[in-house]
Structure formats: structure tokens, C-alpha cells
Amino acid sequence: MQKEYFAPGISADTGFFWEGTREHKLTVQRCKKCGRLRWPASYLCPDCLCSETETEELSGEGVLYSYTTFHKSFHPSLSEKVPYIVCEVDLKEGVRVVSNLVDTDGREPECGARLKVCWQDFEGYTKPVFKMEDI
Ligand SMILES: [Zn+2]
């Protein structure tokens, strides 16, 4: 079990997401009225203002949209983790998520690289992160 310093804020709107990650499922809300996938989770649909949603599991497959490598820790408690990569991933279902890119084997990531979700278990929650498919 890894130690994490910035645990996610789990709310009534995001509880389903973190419950899914415990089972290694990447989920988002789908609006029951217009069908839009909602990310980040929200109480109301930004398109039709409907509050009703259903939970949809995503493939966890996507491409690297952008990334940055932190060589200096954002916070002193993260100093053991540098360098680490924060990335934006365009999932194939049309949702863009922010996460970490891990296990690059020292390779420089390329925008457009195919990524697949993987999981990091922490005390109390599981975090989705991504790695390049060809590694
Ligand atoms: Zn809607």
C-alpha cells in the first residue's frame, strides 16, 4: 500500500467514482435526459440542467493529449515522488481526464500515444493512473 499525501475529496457527487475505482472500474455520469457524459461529476448536466444520471463504465483506453513532468515537487511532501508526470488523457468515449502517467521506463512520452488505465491502491481509496500501452 502506497502512501499518498493528497487524498481525494469524496463527495455525494463523486462517491460513485471512487466506489468504482476500488473495483478497478473507471466510471462517469451519463445524463439520463440528453445522454451527455459528465466529467467531472456534477449535480446538474451543463447542457440540459437535468439532475438525473446513471453510471457508465469506460474502457480506460485513450490517447495522451498533453503532459508535464514535475522535476521539483509541488509540495514538500511530494519530494520523494519527483520526477512525476501529470497528464491529460482523451479517453475514447470523449472524456478528457487529468491523471498521472506512470511506468514510462524512462521514455519521453509523445502526445497521441495510446494509454491504458492502471490502478494505484492507497489507504482508503484507489487512484486511476495511466501507462503507455506499448510498455
Ligand atoms: Zn443532459
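Conventions used here
- The residue numbering used here restarts from 1 in each chain and proceeds along that chain's sequence as written.
- Only residues with pLDDT of at least 70 are given local features in this predicted model, and only at 80 or more are side-chain atom pairs given and counted; all residues enter the totals for whole chains, interfaces and linings.
- Side-chain numbers come from the whole structure's heavy atoms, not from hydrogens or water.
- Pairing between two strands requires that DSSP report at least two bridges joining them.
- Only DSSP runs of H or I with at least four residues qualify as helices, and only runs of E with at least two residues qualify as strands; both kinds are numbered from the N terminus onward.
- Only N, O and S atoms count as donors, using a 2.8 Å limit from the metal and a wider 3.2 Å limit for Na, K and Ca, and since water is excluded some coordination spheres may look unfilled.
- Labels for metal geometry use angle windows, namely 85 to 135 degrees for all angles of a four-donor tetrahedral site, and for square planar (four donors) or octahedral (six donors) sites opposite donors over 155 degrees apart plus all others within 65 to 115; sites meeting none of these are irregular.
- Residue exposure (1.4 Å probe, protein chains only): buried if accessible area is under 20% of the type maximum, exposed if over 50%, otherwise partly exposed.
- What makes two residues a contact is simply this: any of their non-hydrogen atoms within 4.5 Å.

Undergrad: Which residues make up the pairing of strand β6 (residues 96–101), and what values go with them?
TA: For strand β5 (residues 84–91) and β6, the ladder comprises six bridges, and the chain directions are antiparallel. Each residue of the ladder has a partner; that of Ile-85, found in β6, is Leu-101. Here β5 hands over to β6 after four residues, with Gly-94 in that stretch at a positive phi of 100°.

Undergrad: Before we move on, could you go through the coordination of the zinc ion and cite the residues and values that matter?
TA: All of the protein donors around the zinc ion are Cys-31 (SG), Cys-34 (SG), Cys-45 (SG) and Cys-48 (SG); their distances to the metal are 2.3 Å. Around the zinc ion sit four donor atoms, and with donor-metal-donor angles ranging over 98 to 118° the site reads as tetrahedral. The sequence pattern formed by the donor residues of the zinc ion is C-x2-C-x10-C-x2-C. Of the two residues, Cys-34 is situated in the loop between β1 (27–31) and β2 (37–38) and Cys-45 in the loop between β2 and β3 (53–57); the sequence distance between them amounts to 11 residues. A relative accessible area of 40% means that Cys-34 is categorised as partly exposed.

Undergrad: Provide a residue-level description of helix α1 (residues 15–22), including the pertinent values.
TA: Of all eight residues in α1, six are buried; the element is thus mostly enclosed. All buried positions along α1 are accounted for by Gly-15, Phe-16, Phe-17, Trp-18, Gly-20 and Thr-21. Next to the buried residues of α1 lie β1, β3, β7 (114–122) and β8 (125–132). Once α1 finishes, His-24 follows within two positions and takes phi at roughly 60°, a positive value.

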